[in-house]
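Coordinates in review
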Amino acid sequence: MKPTDIENPEYFHKVVDCQYACPAHTPVPEYIRLIARGRYDDAYMINWESNVFPGVLGRTCDRPCEPACRRGRVDEEPVAICRLKRVAADNKADVKARMPAIPEQKNGKKIALIGGGPASLTVARDLAPLGYEIDLYDAQPKGGGFMRSQIPSFRLPETVLDEEVNYILDMGITTHFDHYVDSLKSITDKDYDAIFIGTGAPRGRDLKKLPGREEGDANIHVGIEWLANVAFEHTKSIGKKVLVLGGGNTAMDCCRTSKRIGGEDVRVVVRSPKADMKASPWEIEDAEHEDIPIYENHSPKEFVIKDGKLVGMNFELVEAKYDDNGKRSLEPTGEIVFMECDDVLMAIGQENAFPWIERDLGIEFGDWDMPVVDSTTFQSTNARVFFGGDAAFGPENVITAVAHGHQAAVSIDLHCNGQDINERLNPGVNLVTQKMGFHEWTYDNPVTDDDRFIVPLADKQQALSNRKMEVELGFDLQQAYDEAQRCLNCDVQTVFTANKCIECDACIDICPTDCINFIQNGEEDDLRSRLKAPADNKDQDLYVSTDLKTGRVMVKDENVCLHCGLCAERCPTTAWDMQKFLYTVTKAGKDKEAVAPCTK
Amino acid sequence: MSFIRPNIRHPQLKVNEIGYTRADYEGALSTLCAGCGHDSISASILQSCFELSIEPHKVAKMSGIGCSSKTPAYFLGKSHGFNSVHGRMPSVATGANLANRDLVYIGVSGDGDTASIGMGQFAHVVRRNLNMVYIVMNNGCYGLTKGQDSATADRGSASKKGVPNPFSSIDLCETAIQLGAGFVARSFSGDKEQLIPLIKAAISHRGFALIDVVSPCVTFNNTVKSTKSYDHVREHMNATGTFDFVPLKEEITTQYSPGETEEITLHDGSAVRLHKATENLDFSSRRSALNEIERFKEKGEILTGLLFLNPQTPDTHEMLGTTPTPLNKLTYEQLCPGNGTLKSINESFK
């Protein structure tokens, strides 16, 4: 193999599994260390810079970082990254003074944001400090989009959401709430320099063709609409017997909300086997904790109507069969099951819908009637119109919407300045040694043996009786410290300098996870087969040095490295060094920032 | 600050025949200097015991005083051990071995502990052919007392102080061959591919097995003018050949053309298979071994690998005719059979 190019920022970025997996590339280990040190404000601001809604995401994020966490590969469970983020948000002091200053002198550019959810708010967050004049349109009475209408208050208290939405709205954003934009032309006709569309995927799927759908309409609800109605208090109760159709996170929110506003016998009914449910495992766990049963392999057949009123549903039992390629098909068994109910909530998926966009505005629409959007610049085929969040490529999650928002803001800024939006700046990178002295590093390099700490919950009876009472209590500070110490500090990289190495083997002997090898070079597969310990996780790179004196090379399998620093401690010549790698996604306006003169 | 090794290990660690992973053979975290060759030797001993599937409680680690003699703390943490008086490890090992002949005795010593203060003890333990592995972690200096030249430092070699050593050196391998050791080898801490099979063979050999391992002292004796530095040894090392250890259970299948490969069966039925690099060396001949060592020395080179092997030498127990049952397992009745037996013995002398 060729020697690894550690100058390429993406190499070490990939080693920081959590940050790499995060759509917004939040520097996770960096803020986890700050939490351990009690520096909650700083931890919050690192998050805020990157993901804009730390308090919200610390409660509701889909956490792609956690399945990626290296701790999960060497220990039973990953670090509770998401809930640590919440600790920073809950324990910070007033951070208003640390928010970016908004220039009084505007830059003369005006932009419109359609939809007030995470994607649009992120664009506003990035562009308002640069002097943009921003108009935000949303059909709801308050900002936050789906974060407000879809996420129940018992998972995300309104105060937390308000705080973080207001940090942005307070940047001098002109809001137009209760304003449903029913024509994009009405916006493009105005003098906006750019228009950002972050309207989400607002249409919940329905079972229009199922018998009884029309007759039972009064008690059959589309999940996301129903959740919004509960959030805005248009809906205050539901029948005693509730069937929730669907196996995603919306279904979990629907069933748990039902339990709080009158539902007694609430059931989740899923077509597929339970193992194939789309909901996050922890959300399923939370629903089950509230004694909500999940019925699998039940395919909806009919809404049963009696005297013009919904009285239940018929389901046909199916059996999941998998072909040789692992493709699943649900085969009907012919057995019909009747379940009584007062109300049905359908949470079987969401779709994009753009009935309000005229098709003669130069915005091309492609497959499934989705706009054609560039996946890097988020620009549509109309150079002035940008998309982001669920509106761009279909339903995802909050953190993805934020990531889109940042990139769209970069594009809008370049566009408004007459620059090429494809000429984007590289990420910001910093790599600096952490050595403080003999056996002494700036970070806590010992690896704790603790298992993942469980977030304490509120009393179940109390929680179920109050829709607005938050179920999760969050870690206390001691738990937060202990959980933070489980982090392996994967951003502190093992940097190897071949010409300093005397090949004494000390690093090989000390490495607790057998990552390091000194062997003859070869092709990747061949190298992997000859390493000291199995190296079959090909998603993880091999770090290969240049040739050493003996003609061998150093090969390190990044997969299960604990970043404990023992290789560097045992290295007599500092050929190994532990260096902190900080990777920051470049935000809008960074190209115009004054750069300190190089003093080297 | 860390003097703690994490408890997490590679999730797919191999398991040996008795169900242990390598982690089960680990000891405490080393406190030797970073880069010390001794740590590599410790790791090689650990790896050898793992690969031979030796139960840790069937091993006794014996040592004297010195950097080398600290190392038994750093491997086989679940084995027996005795950190004895400076240079007196052979006596203690002899006592232990006589009391319980069933254990594997691994003696770890240094050049000071063996060739200076312990030279007398060393000579006699070789003569008695005690069944043990005797590993010398040989760095040519007294590392624990700030790096003075030791008795194995080559004449002219200079450590960190920079003054060339005026005295001749003791060659422990030659000495052991002359004194009748059955297994003599030299190796290098930086060459585990050679060292691990040698240790495995030495453990399987019955009788005294010496492995003199050149083990650079990074702190005091890894200088440009030192003959025991990493660079010098790598540049001047010449192996007698490559070396395989073939455990008893493994069927020998590969065929080698005669002349190049020599196979020697050890006392326990396992074998060493040598792919010789030099035709001059006859492993069963002391004279040949000494000649070859000296021949390479004249060229300024270091001959490593197996130097001499005679698997048939009788060990101490055989020479003394001791009971096959370990002495510590003999009961009071067996040791003290009573007045009747005494009388009958006395009768037999009449």
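Residues numbered from 1 in each chain as written. Chains lettered and ligands numbered in written order. Predicted model: local features only at pLDDT ≥ 70, side-chain atom pairs only at ≥ 80, totals over all residues.

**A look at the overall build of chain A**
To keep things clear, this is the line we draw: In DSSP terms, a helix is any run of H or I states spanning at least four residues, a strand is any run of E spanning at least two, and both are numbered starting from the N terminus. Between the two quantities, the radius of gyration covers C-alpha atoms and the globule rule is 2.2 Å times the number of residues to the power 0.38. Exposure classes come from backbone-placed C-beta atoms, where a residue is buried if 20 or more other C-beta atoms lie within 10 Å of its own, exposed if 12 or fewer do, and partly exposed in between.
Secondary structure summary: chain A contains 22 helices and 23 strands in total. What you see for chain A is a C-alpha radius of gyration of 26 Å, in line with the 25 Å of a compact globule of 600 residues. Projected onto its principal axes, the C-alpha coordinates of chain A cover approximately 90 × 60 × 45 Å. Counting across all 600 residues of chain A, residues that qualify as buried make up 48%.

**Describing the overall build of chain B**
To keep things clear, this is the line we draw: The contact criterion used is a C-beta to C-beta distance within 7 Å, with each C-beta placed from the backbone.
Summing up its helical and strand segments, chain B has 12 helices and 13 strands in all. For chain B, the C-alpha radius of gyration of 21 Å lies close to 20 Å, the compact-globule estimate for 350 residues. For chain B, the spread of C-alpha atoms along the three principal axes comes to 70 × 55 × 45 Å. The proportion of buried residues among the 350 residues of chain B is 48%. Intrachain contacts of chain B at a sequence separation of at least 6 include 71% that bridge at least 24 residues.

**Looking at the packing of helix 3 (residues 28-36) of chain A against helix 8 (residues 81-91) of chain A**
All names here are of chain A. Our working rule: In this description, a line fitted to the C-alpha atoms serves as the axis of each element, helices being fitted only across the stretch in contact, and the angle between N-to-C directions of two axes falls anywhere from 0 to 180 degrees. By definition in this entry, angles of less than 35 degrees are roughly parallel, angles greater than 145 are roughly antiparallel, angles of 65 to 115 are roughly perpendicular, and the rest are oblique. Crossings are sorted by hand: turned counterclockwise from the far helix by less than a right angle, the near helix makes the crossing left-handed, and turned clockwise it makes it right-handed.
Running from amino to carboxyl end, helix 3 crosses helix 8 at an angle of 50°, the nearest separation of the two axes being 10 Å. For the element pair helix 3 / helix 8, the angle class is oblique. Pair helix 3 / helix 8 crosses with left-handed handedness. Two secondary-structure elements touch here, helix 3 through Val28, Tyr31, Ile32 and Ile35 and helix 8 through Ile81, Leu84, Val87 and Ala88.

**Describing unusual backbone geometry**
Residues apart from glycine generally show negative phi values, whereas peptide bonds are mostly found in trans. For aspartate 505 of chain A, which is not glycine, the phi dihedral falls at a positive 75°. Along the chain, the position of aspartate 505 of chain A falls in the loop between strand 19 (492-496) and helix 20 (506-510). Although it is not a glycine, serine 53 of chain B adopts a positive phi angle of roughly 55°. Relative to the helices and strands, serine 53 of chain B is located in the loop between helix 1 (37-51) and strand 1 (59-63).

**Section: the pairing of strand 7 (residues 183-188) of chain B**
All names here are of chain B. Basically, it comes down to this: For two strands to count as paired, DSSP must find a minimum of two bridges between them. A right-handed crossover is one whose linking path, passing over the helix from the first strand to the second, runs clockwise when the strands point away from the viewer.
Counting buried residues along strand 7, 6 of its 6 residues qualify, which places the element largely inside the surrounding structure. Because side chains alternate across strand 7, one face comprises the buried residues Phe183, Ala185 and Ser187, and the other comprises Val184, Arg186 and Phe188, equally buried. As judged from the 6 bridges shared by strand 7 and strand 8 (residues 208-214), these two strands associate in the parallel manner. Pairing of valine 184 across the sheet is with leucine 210, part of strand 8. With respect to chirality, the unit in which strand 7 leads through helix 7 (residues 192-204) into the neighbouring parallel strand 8 is right-handed.

**A closer look at the nonpolar core**
The criterion, for reference: Joining buried Ala, Val, Leu, Ile, Met, Phe, Trp, Tyr and Cys residues through C-beta atoms within 7 Å gives a set, and that set is a nonpolar core.
Formed by 210 residues in total, the largest nonpolar core has its most connected members in Ile35, Leu127 and Phe196 of chain A together with Leu210 of chain B. Here isoleucine 35 of chain A is in contact with Tyr40, Ala43, Leu84, Val87, Ala88, Ala480 and Ala484 of chain A, once residues within four sequence places are set aside. Counting 35 residues, the second largest nonpolar core, distinct from the first, contains Met252, Met277, Met346 and Ala347 of chain A.

**Some points on the sheet that holds strand 15 (residues 385-387) of chain A**
Strand pairing in a sheet relies on backbone hydrogen bonds, with the paired strands running either antiparallel or parallel. All names here are of chain A. The parallel open sheet is built from 5 strands, whose spatial order is 3-2-1-4-15. Since the sheet does not close on itself, it has two edges, and those belong to strand 3 (174-176) and strand 15, each with one partner. Ignoring which end each strand starts from, the neighbouring axes of this sheet average 20° apart. Relative to strand 4 (residues 194-197), strand 1 (residues 110-114) is paired through 4 bridges, and the arrangement is parallel. Bridging from a neighbouring strand, alanine 112 pairs with isoleucine 195 of strand 4. Its contacts with the sheet place helix 17 (residues 398-416) against strand 1, strand 4 and strand 15, and it is angled at close to 165° to strand 4.

**With respect to the sheet that holds strand 11 (residues 309-322) of chain A**
All names here are of chain A. Ordered in space as 10-11-12, the 3 strands form an open sheet in which the pairing is antiparallel. Of all the strands in the sheet, the pair left with one neighbour each is strand 10 (298-306) and strand 12 (328-340). In this sheet, adjacent strand axes meet at a mean angle of 20° when their direction is disregarded. Summarising the sheet, strand 10 and strand 11 pair through 8 bridges and their orientation is antiparallel. By the bridge assignment, valine 304 is partnered in strand 11 with glycine 312.

**Quick look at the environment of arginine 286 of chain B**
All names here are of chain B. Mapping arginine 286 onto the fold places it in helix 9 (residues 286-298). Overall, arginine 286 belongs to the partly exposed group, with 17 C-beta atoms counted inside 10 Å. Separated by 77 residues in sequence, arginine 286 and alanine 209 place their C-alpha atoms 14 Å apart. Residue contacts for arginine 286: discarding those within four places in its chain leaves Ile177 and Phe308.

**Topic: the domain arrangement of chain A**
All names here are of chain A. So the rule is basically this: Boundary definitions for the domains trace back to an automatic or database domain assignment.
Taken domain by domain, chain A consists of domain 1 (99-202 + 352-416) and domain 2 (204-350). Distance between the C-alpha centres of domain 1 and domain 2: 32 Å. Taken together, the contacts link 8 residues of domain 1 with 10 residues of domain 2.

**Some remarks on the interface of chain B and chain A**
Here is the rule we go by: Any residue that is not Ala, Val, Leu, Ile, Met, Phe, Trp, Tyr, Cys, Pro, Asp, Glu, Lys or Arg is counted as polar, Gly included; the first ten are nonpolar and the last four charged.
Each partner contributes residues to the interface: chain B has 24 residues there, and chain A has 30 residues. Those elements that provide at least two residues to the side of chain B that touches chain A are helix 1 and helix 8 (230-236) of chain B. It is helix 1 of chain B that provides the largest number of residues to the side of chain B that touches chain A, a total of 4 residues. Across the side of chain B that touches chain A, the residue classes tally to 11 nonpolar, 8 polar and 5 charged.

**As for helix 13 (residues 223-231) of chain A**
All names here are of chain A. For clarity, the cut-off: What the arc measures is the spread of directions leading from the helix axis to the C-beta atoms.
The complete set of buried residues in helix 13 reads Gly223, Ile224, Trp226, Leu227, Val230 and Ala231. For helix 13, the angular spread of buried residues about the axis comes to 160°, placing them on one side. Each element contacted by the buried residues of helix 13 is listed here: helix 10 (146-149), strand 5 (203-204), strand 6 (220-222), helix 14 (249-260), strand 13 (343-346) and strand 14 (350-351). Positive phi appears at glutamate 233, one or two residues downstream of helix 13, with a value of about 65°.

**Points about the confidence of the model for chain B**
Operational definition: Confidence scores labelled pLDDT are given residue by residue by the predictor and lie between 0 and 100.
Averaged over chain B, the pLDDT score is 93; the fraction of residues at 70 or greater is 96%. At the level of chain-chain contacts, confidence expressed as ipTM amounts to 0.89, with global pTM at 0.90.

**A short note on the environment of threonine 219 of chain B**
Residue and element names in this part refer to chain B. Looking at where threonine 219 falls in the secondary structure, it is placed in the loop between strand 8 and helix 8. Judged by local crowding, threonine 219 falls into the buried class, with 20 C-beta atoms found within 10 Å. Here the alpha-carbon distance between threonine 219 and alanine 34, two residues 185 residues apart in the chain, equals 8.6 Å. For threonine 219, the residues in contact, after removing those within four places along its chain, are Cys33, Gly143 and Gly147.

**Side note on helix 3 of chain A**
Residue and element names in this part refer to chain A. For helix 3, the tally of buried residues reaches 8 of 9 residues, placing the bulk of the element in the interior. Taken together, the buried positions of helix 3 are occupied by Val28, Pro29, Glu30, Tyr31, Ile32, Arg33, Leu34 and Ile35. Residues of helix 3 that are buried make contact with helix 2 (17-21), helix 4 (40-51), helix 6 (65-68), helix 8, helix 19 (477-484) and strand 23 (576-584). Looking one or two residues beyond helix 3, the residue adopting positive phi is glycine 38, at roughly 80°.

**Structural notes on the environment of histidine 13 of chain A**
All names here are of chain A. As for its position among the elements, histidine 13 is in helix 1 (residues 9-15). In this structure histidine 13 comes out as partly exposed when scored by C-beta crowding, with 17 C-beta atoms within 10 Å. Counting along the chain gives 283 residues from histidine 13 to glutamate 296, while the straight-line C-alpha distance between them is 40 Å. Ignoring any residue separated from it by four or fewer positions in sequence, one finds histidine 13 in contact with Gln19, Tyr20 and Tyr583.

**As for the packing of helix 3 of chain A against helix 4 of chain A**
Residue and element names in this part refer to chain A. In contact at an axis separation of 7 Å, helix 3 and helix 4 are set at 160° when each is read in the N-to-C sense. On the basis of the axis angle, helix 3 is roughly antiparallel to helix 4. In this structure, the crossing between helix 3 and helix 4 has a hand that is left-handed. Between helix 3 and helix 4, the residues in contact are Glu30, Tyr31, Leu34 and Ile35 and Tyr40, Asp42, Ala43, Ile46 and Asn47, respectively. Partitioned by chemical class, the residues of the contact of helix 3 with helix 4 number 6 nonpolar, 1 polar and 2 charged.

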